[in-house]
Amino acid sequence: MGSNCSGDDRDDRGWTNLHVGARKGDLKEVKRLLDEGMDANVATLGPKSHGLTPLHLAAKGGHIKVMDELAWCQYRCSDQRRMWLYVTISFFFHII
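Residues numbered from 1 in each chain as written. Predicted model: local features only at pLDDT ≥ 70, side-chain atom pairs only at ≥ 80, totals over all residues. Heavy atoms only, no water.

### Re the packing of aromatic side chains
Any aromatic ring pair is given by two values, namely how distant the centres are and how the planes are angled relative to each other.
Thought 1: Scanning the model with the defined rule gives 0 aromatic pairs in all.
Thought 2: Above the face of the Trp 15 ring, Arg 13 is positioned so that its terminal group lies 3.7 Å from the ring centre. (Phe/Tyr/Trp six-rings, centres within 6.5 Å; stacked < 30°, edge-to-face > 60°. Lys NZ or Arg CZ within 6 Å of the ring centre and 35° of its normal.)

Spelled out as structure tokens, the structure:
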């Protein structure tokens, strides 16, 4: 995949640029894509891709710093979802 591809483009394996960056251990590229809003949990698509996430690929390559960045992003995203659920539930119970 070239540098002119958007983060959501996929290659013939169903990999996004985030998958490629994670597999290569390219921390700068992974951070850039995550900062642009790419989903850290995006799974590969296709019959031979087995639903791998960027974290799987970083782990397979032994790229610890990339793994840390992806894991941190997954934590932040899940934490934000929990906070949104908490705010929504709190709001609901305060109006009834």
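Next, the rest of the story.
### Here's the deal with helix 1 (residues 17-24)
Thought 1: Burial analysis of helix 1 places 6 of its 8 residues in the buried class, the great majority of the element.
Thought 2: Taken as a whole, helix 1 has its buried residues at Asn 17, Leu 18, His 19, Val 20, Gly 21 and Ala 22.
Thought 3: At the exit of helix 1 stands Gly 25, carrying a positive phi of roughly 80°. (Buried < 20%, exposed > 50% of the residue type's maximum accessible area, 1.4 Å probe, protein only. Helix = DSSP H or I, 4+ residues; strand = E, 2+ residues; numbered from the N terminus.)

### Examining the confidence of the model for the chain
Thought 1: Residue-level pLDDT values for the chain average 78, and 69% of them are 70 or greater.
Thought 2: Put simply, helix 4 (residues 64-95) is where the chain has its lowest mean pLDDT, 68, and helix 1 is where it has its highest, 96.
Thought 3: The model gives residues 1-6 a pLDDT under 50, and that stretch makes 10 contacts with residues more than four places away or in other chains. (pLDDT = per-residue confidence, 0-100. Contact = heavy atoms within 4.5 Å.)

### Digging into the packing of helix 1 against helix 2 (residues 27-35)
Thought 1: Taken N-terminus to C-terminus, the directions of helix 1 and helix 2 make an angle of 150°; their axes are 8 Å apart at the nearest point. By the angle class used here, helix 1 and helix 2 are roughly antiparallel. At the point where helix 1 passes helix 2, the crossing takes the left-handed sense. Every residue of helix 2 that contacts helix 1 at Asn 17, Leu 18, Gly 21 and Ala 22 is listed here: Glu 29, Val 30, Leu 33 and Leu 34.
Thought 2: When its residues are assigned to classes, the contact of helix 1 with helix 2 shows 5 nonpolar, 2 polar and 1 charged. (Axes fitted to C-alpha atoms, helices over the stretch in contact; angles between N-to-C directions. Parallel < 35°, antiparallel > 145°, perpendicular 65-115°, else oblique. Left-handed = near helix turned anticlockwise from the far one by under 90°. Nonpolar A, V, L, I, M, F, W, Y, C, P; charged D, E, K, R; others polar.)

### Quick word on the pattern of salt bridges
Thought 1: By the definition in use, this model includes 3 salt bridges.
Thought 2: When the shortest N-O distance is used, the salt bridge between Asp 11 and Arg 13 registers 2.8 Å.
Thought 3: On the basis of relative accessible area, Asp 11 is assigned to the buried category, the value being 17%.
Thought 4: Taking the relative accessible area as the measure of exposure, Arg 13 reaches 40% and is therefore partly exposed.
Thought 5: A salt bridge links Glu 29 to Arg 32, with the shortest nitrogen-to-oxygen separation between them at 2.8 Å. One end of the pair is Glu 29 and the other is Arg 32, both in helix 2 and 3 residues apart, which spans about a single turn.
Thought 6: The class for Arg 32 is partly exposed, based on a relative accessible area of 32%.
Thought 7: Shared partners join several salt bridges into a network, and the residues in it are Glu 29, Arg 32 and Glu 36. (Salt bridge = Lys/Arg side-chain N within 4 Å of Asp/Glu carboxyl O.)

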